[in-house]
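A closer look at the structure
Chain by chain, the residues:
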Amino acid sequence: MASLTGLYNYSVETGVKRPQSQRSSVSCCSTFLRIPGLVFISWAIICPMSNGVNGHHNSSEGELFLSEAFKVILEEAVHKATDVKEKVCEWKDPEELRVLMDLELGDHGESHQQLLQRVRDIARYSVKTNHPRFFNQLFAGVDYHSLTGRFLTEALNTSQYTYEVAPVFVLMEDVVLRKLRSLVGWSEGDGIFCPGGSVSNMYAMNVARYWAFPQVKTQGLWTVPRLAVFTSQESHYSMKKSAAFLGIGTENVYHVKVDESGRMIPEDLEAKIVHAKSQGAVPFFVNATAGTTVQGAFDPLDRIADISERNGIWMHVDAAWGGSVVFSKKHKHLIAGMERANSCTWNPHKMLMAGLQCSVFLMRDTTNLLMHCHCANATYLFQQDKFYDMSLDTGDKSIQCGRKVDCLKLWLMWKAIGAQGLANRVDIAFASTRYFVEELKKREGFQVVSEPQFVNVCFWFIPPSLRGKENSPDYQEKLAKVAPVIKERMVKKGSMMVGYQPLDGRVNFFRMVILSPQLNHSDLDFFLDEVERLGNDL
């Protein structure tokens, strides 16, 4: 395959890629697509002249399909998906969607054109999470450098377990993890990329148990006492799932009370630890949350660290959502004390927009505890007589064998905009949130659940028919039905998407998540207008 380096020059200032006069020898399916405000993308790289490698003389057909499919992907899943004039989703009920998509698999292949149409249909009927008016999850928007890293990861199709098959990515992961740990405040330590925050949290619980009772790895659960886990009432449900998966038991997860804003109450943590001990349980793991899922609350980490240290308990911080504030000088105070924890979870695919999935489990430990806890020493992968430094084979730190490369998307994005660019991203999200809350409070019928600490804005919309009737016996019952109806209407219309939920005795309310730097004030104004349009008749 001809060399494809030097296809274009890239201007950081303007974000425009300019083709060079000298290009590689590629077939005529080379294409350029302009993404407004970004770059010209060349996909010549995926369509070289066929040379019959491995006897597959029809490889050019596959390469042509890949080239044409990529044009469709860029147009439908990138360009249109970020266009505010397009729908967030084109909703179809499950029965109708099954028929439209023709999902069943057959014995014979389909034509080139049929397959391209399937690519179009998949993009058309999927939710556009990159859309400026997608507020439904703790991820949104698109970073084009990260997206490029995701494409490259898929094309290279390697596994992040040994240096011999992933040399660039083993070194890259080490650099990224080291940099993330230093931001937390750890000059040394360990860590690994995991398939999502839930798995990162499970790693934390498993390593903490091994730290307290190392015999559990070889001799099993019967060698350890009843164990106790402590986490707040508003922490992520992965704590319960981890306890169930690891055989600790969900009934041994003690839920600590929170204040009105959702922050853990340290005094109740101490009381719960005393109570667990009185029941014959051994406290071994405290989970604090930096950015809860619903209210975006930050637990008081320093006070929780004091309690954990006094009781000899492993302290973990689930900073999957809120960890990225560490980049911001203005907002880093929200995670003060995280450096005192033993471990933390952090998802750059959320606020930093690194793209799904990008989650790290970080540790302060320097004794190789992660490797000791998880290793199985498979000799067909981790031979001890290799010709390079065996410490570079990090795969045995994971409970997985094959492990997807998740560091490249973050690394390439970081290279592109720098730590200052990531800090700006955080600060812009906070500024947009302040604007939204100010505008929301000006409007009749909107009521915040609690003052936002982060970029989660929780609120009720009270339609005209319920205003002034807060003391009616059926008020709460009727208010609970408002958010689900508005949500259904917006999704079926395709105008926007936002989540709702009940919480601790409070009936259904909306949770607005504001994080994409591609948002502007008109998008936030539209959101408030649309809620009114969709809910005023209720």
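Residues numbered from 1 in each chain as written. Predicted model: local features only at pLDDT ≥ 70, side-chain atom pairs only at ≥ 80, totals over all residues. Heavy atoms only, no water.

1. Looking at the overall build of the protein chain
Heads up, the condition is: Counting from the N terminus, the helices are the DSSP runs of H or I reaching at least four residues and the strands are the DSSP runs of E reaching at least two. Each residue is assigned to one of three classes by its accessible area relative to the maximum for its type, calculated with a 1.4 Å probe on protein chains only: buried under 20%, partly exposed between the two thresholds, exposed over 50%. Should any heavy atoms of two residues lie within 4.5 Å, those residues are counted as being in contact. Accessible surface is estimated by sampling points in the Shrake-Rupley manner with a 1.4 Å probe; for residues, cover comes only from the protein chains shown.
When its secondary structure is counted, the protein chain shows 15 helices and 16 strands. With 538 residues in all, the protein chain has 52% of them scored as buried. Counting contacts in the protein chain only where the partners sit at least 6 residues apart, residues at least 24 apart contribute 68% of the total. As displayed, the protein chain offers around 25,100 Å² of accessible surface, 53% of which is attributable to carbon and sulfur atoms.

2. What about the sheet that holds strand β9 (residues 282–289)?
This is how the line gets drawn: Note on pairing: DSSP must find at least two bridges between two strands before they are called paired. Every angle, taken between N-to-C directions, lies between 0 and 180 degrees, and every axis is a line fitted to C-alpha atoms, over only the stretch in contact when it is a helix.
Taken in spatial order, the 7 strands line up as β6-β12-β11-β10-β9-β7-β8 in an open sheet, and their pairing is mixed. Because the sheet does not close on itself, it has two edges, and the strands there are β6 (190–194) and β8 (253–256). Here the strands of the sheet are splayed against their neighbours by 20° on average, with no regard to which way each runs. With 5 bridges connecting them, β9 and strand β10 (residues 314–319) associate as parallel partners. The residue bridging Asn 287 from the neighbouring strand is His 316, located in β10.

3. Examining the packing of helix α1 (residues 59–79) against helix α3 (residues 112–124)
This is how the line gets drawn: Should an angle fall under 35 degrees it is called roughly parallel, over 145 degrees roughly antiparallel, and 65 to 115 degrees roughly perpendicular, with every other angle called oblique. Handedness of each helix crossing follows the sense of rotation of the near helix against the far helix: counterclockwise by less than a right angle gives left-handed, clockwise gives right-handed. Each residue is assigned to one class: nonpolar for Ala, Val, Leu, Ile, Met, Phe, Trp, Tyr, Cys and Pro, charged for Asp, Glu, Lys and Arg, and polar for all the others, Gly among them.
In contact at an axis separation of 10 Å, α1 and α3 are set at 25° when each is read in the N-to-C sense. Relative to α3, the element α1 is oriented roughly parallel. The crossing of α1 and α3 is right-handed. Contacts between α1 and α3 involve Leu 64, Phe 65, Glu 68, Ala 69, Val 72, Ile 73 and Glu 76 on the former and, on the latter, His 112, Gln 113, Leu 115, Leu 116, Val 119, Arg 120 and Ala 123. Looking at the contact of α1 with α3 residue by residue, the class counts come to 9 nonpolar, 2 polar and 3 charged.

4. As for the packing of aromatic side chains
For any pair of aromatic rings, geometry is given as the distance between the ring centres together with the angle between the planes. Where we set the bar: Stacked, edge-to-face and tilted labels apply to pairs of Phe, Tyr and Trp rings (six-membered ring for Trp) whose centres lie within 6.5 Å, assigned for plane angles under 30 degrees, over 60, and everything in between, in that order. For a lysine, the NZ atom is tested; for an arginine, the CZ atom; a charge sits over a ring if that atom is within 6 Å of the ring centre and within 35 degrees of the ring normal.
Counted by the stated rule, this structure contains 21 aromatic pairs. Taken together, a centroid distance of 6.1 Å and an interplanar angle of 80° make the contact between Phe 459 and Phe 527 edge-to-face. With Phe 459 in strand β14 (residues 456–461) and Phe 527 in helix α15 (residues 521–535), this pair connects stretches of sequence that are 68 residues apart. When sorted by exposure, Phe 459 lands in the same class as Phe 527, which is buried. Linked through ring pairs, Phe 135, Phe 436, Phe 446, Phe 459, Phe 461, Phe 510 and Phe 527 together constitute an aromatic cluster. Stacked on the ring of Phe 526, the Lys or Arg Arg 133 has its end atom at 3.7 Å from the ring centre.

5. Overview of helix α8 (residues 238–245)
Just so we agree on the cut-off: Summarising the geometry, the arc corresponds to the directions from the helix axis toward the C-beta atoms.
Every buried residue of α8 is listed here: Ser 238, Met 239, Ser 242 and Ala 243. Each buried residue of α8 lies within a common arc of 140° when the element is viewed along its axis, so the set occupies one face. Turned more than 90 degrees from where α8 packs its buried face, Lys 241 and Phe 245 sit exposed. Where α8 is buried, its residues touch α6 (197–212), β7 (227–232), β8, β9 and β10.

6. A closer look at the side chain of Ser 159
We apply this condition: Any pair of nitrogen or oxygen atoms within 3.5 Å is treated as a polar contact; in protein, a donor-acceptor pairing is required on top of that, and neighbouring residues in sequence qualify only through side-chain atoms on both sides.
Looking at the secondary structure, you find Ser 159 in the loop between α4 (144–156) and α5 (167–184). At 3.0 Å, the side chain of Ser 159 and the backbone nitrogen of Arg 403 are in polar contact. Excluding anything up to four places from it in sequence, Ser 159 contacts Val 165, Ala 166, Cys 401, Gly 402 and Arg 403.

7. Remarks on the packing of helix α12 (residues 407–441) against α15
In the contact formed by α12 and α15, the axes pass within 10 Å of each other and the chain directions differ by 35°. Seen along the crossing, α12 lies across α15 with a hand that is right-handed. Residue-level contacts link Ser 432, Tyr 435, Phe 436, Glu 439 and Leu 440 of α12 to His 521, Leu 524, Asp 525, Phe 527 and Leu 528 of α15. Taken together, the residues that form the contact of α12 with α15 break down as 6 nonpolar, 2 polar and 2 charged.

8. Some points on the pattern of salt bridges
Just so we agree on the cut-off: Within this document, salt bridges are pairs made up of a side-chain nitrogen of Lys or Arg and a carboxyl oxygen of Asp or Glu, the two lying within 4 Å of each other.
On inspection of all chains with the given rule, the structure shows 31 salt bridges. The partner of Lys 397 in a salt bridge is Asp 190, with the nearest N and O atoms 2.7 Å apart. A residue pair is termed long-range when its members are at least 10 positions apart, and Lys 397 in the loop between α11 (369–374) and α12 and Asp 190 in strand β6 qualify at 207 residues. In terms of burial, Lys 397 and Asp 190 fall into one category: buried. Lys 386 is the salt-bridge partner of Asp 393, the closest N and O atoms lying 2.7 Å from each other. Across the pair, exposure class does not vary: Asp 393 and Lys 386 are buried alike. One network of salt bridges, with partners in common, ties together Asp 302, Asp 306, Glu 309 and Arg 340.

9. Here's the deal with the nonpolar core
Applicable threshold: As used in this record, nonpolar core signifies buried Ala, Val, Leu, Ile, Met, Phe, Trp, Tyr and Cys residues forming a set joined through side-chain atoms within 4.5 Å.
Among the nonpolar cores identified, the biggest contains 109 residues, and Val 317, Phe 436, Met 512 and Phe 527 are the most heavily contacted of them. With 14 residues, α12 is the single largest residue contributor to this core. In this structure, Phe 527 is in contact with Phe 135, Phe 436, Phe 459, Met 496, Val 498 and Met 512, ignoring residues within four places of it in sequence. Listed in part, the 27 residues of the second largest apolar core include Met 202, Val 253, Trp 314 and Met 363.

10. Focus on unusual backbone geometry
The phi torsion of most residues other than glycine is negative, and most of the peptide bonds are trans. In this chain, Leu 356 is followed by Gln 357 through a cis amide linkage whose omega measures -15°. Within the chain, Asp 102 stands out as a residue other than glycine whose phi angle is a positive 50°. Structurally, Asp 102 can be placed in the loop between α2 (94–101) and α3. Its relative accessible area of 44% is what places Asp 102 among the partly exposed residues. For Asp 504, which is not glycine, the phi dihedral falls at a positive 50°. Its location among the elements puts Asp 504 in the loop between β15 (497–503) and β16 (506–513).

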